[in-house]
Amino acid sequence: MKIVLIGYMGSGKTTIGKLLSKKLNINFIDLDAYIESKLNTSVSDIFKERGELYFRKMEHTYVQELMEEKKSFILSTGGGTPCYADNLGLIQTHTKHDFYLKLTIPNLVKRLIIGKESRPLVQNIAETDLPEFIGKHLFERNNFYMQANTITVCDDKTPEEIVAEIMQQLK
Ligand code: S3P
């Protein structure tokens with residue numbers, strides 16, 4: 001089974017993916033970590049040294065490799081993955097188990113204030129500007145996210161509750 005988690009930065013894709021992986025005993029793959037291991041460098045350094053366009057090309061290459069070559073996994077994508085290079089279309093030709101982990105802007109802001117330094121797209125945005133930045137960015141990306149086969153509303157839910165909901169959907 002191929003399960004793919006999509007959603008904005010800070011929506012909990014990695015946390016939920018790891019927990020789901022334990023419950024279902026299916027291998028967990030984090031797309032950013034996969035790209036980093038393939039290119040032997042960090043996502044931050046890819047953005048810094050090669051730019052976003054190069055990152056998007058690599059993201060597409062490796063999401064395609066994973067979808068085509070691996071049989072079973074839980075994949076946590078990057079926040080932008082479904083929004084570029086028809087990656088979501090590609091994902092959906094290989095699985096119907098794609099989940100959008102949806103959160104409100106204020107909840108995303110709360111989460112992204114913590115650890116924003118490690119995220120190239122928000123590290124230079126002042127904390128006070130984050131709500132506006134995320135609001136606009138999410139508006140641009142919403143059309144892609146909303147094309148997921150399942151929309152999982154995550155606000156005010158524990159990771160365990162979210163995982164239980166996803167498992168229910170898989171039945
Ligand atoms: C990005 C999100 C990041 C990472 C890269 C770009 C985005 O992943 O892929 O910095 O475009 O939203 P997370 O969603 O895991 O932070």
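Here's what I pulled together on the structure shown here. (Residues numbered from 1 in each chain as written. Predicted model: local features only at pLDDT ≥ 70, side-chain atom pairs only at ≥ 80, totals over all residues. Heavy atoms only, no water.)

Examining the side chain of histidine 97
Relative to the helices and strands, histidine 97 is located in the loop between helix H5 (87-94) and strand E4 (98-102). Residue histidine 97 is classed as buried on the basis of its relative accessible area of 16%. Beyond its immediate chain neighbours, meaning those up to four positions away, histidine 97 contacts Met1, Lys2, Ile3, Val4 and Leu170. (Helix = DSSP H or I, 4+ residues; strand = E, 2+ residues; numbered from the N terminus. Buried < 20%, exposed > 50% of the residue type's maximum accessible area, 1.4 Å probe, protein only. Contact = heavy atoms within 4.5 Å.)

As for the side chain of asparagine 87
Considering the arrangement of structural elements, one finds asparagine 87 in helix H5. Take asparagine 87: its relative accessible area is 0%, and that puts it in the buried class. Sequence-distant contacts of asparagine 87, defined by excluding residues within four places in its chain, comprise Glu59, His60, Val63, Thr81 and Pro82.

Quick look at the pattern of salt bridges
The final tally for this structure, using the stated rule, is seven salt bridges. For lysine 136, the salt bridge goes to glutamate 132, with nearest N and O atoms at 2.9 Å. Here lysine 136 and its partner glutamate 132 are both found in helix H7 (residues 130-145), four residues apart, which amounts to about one turn of the helix. The same class applies to lysine 136 as to glutamate 132, namely exposed. Among the charged side chains, a salt-bridge network with shared partners connects Glu52, Arg56 and Glu59. (Salt bridge = Lys/Arg side-chain N within 4 Å of Asp/Glu carboxyl O.)

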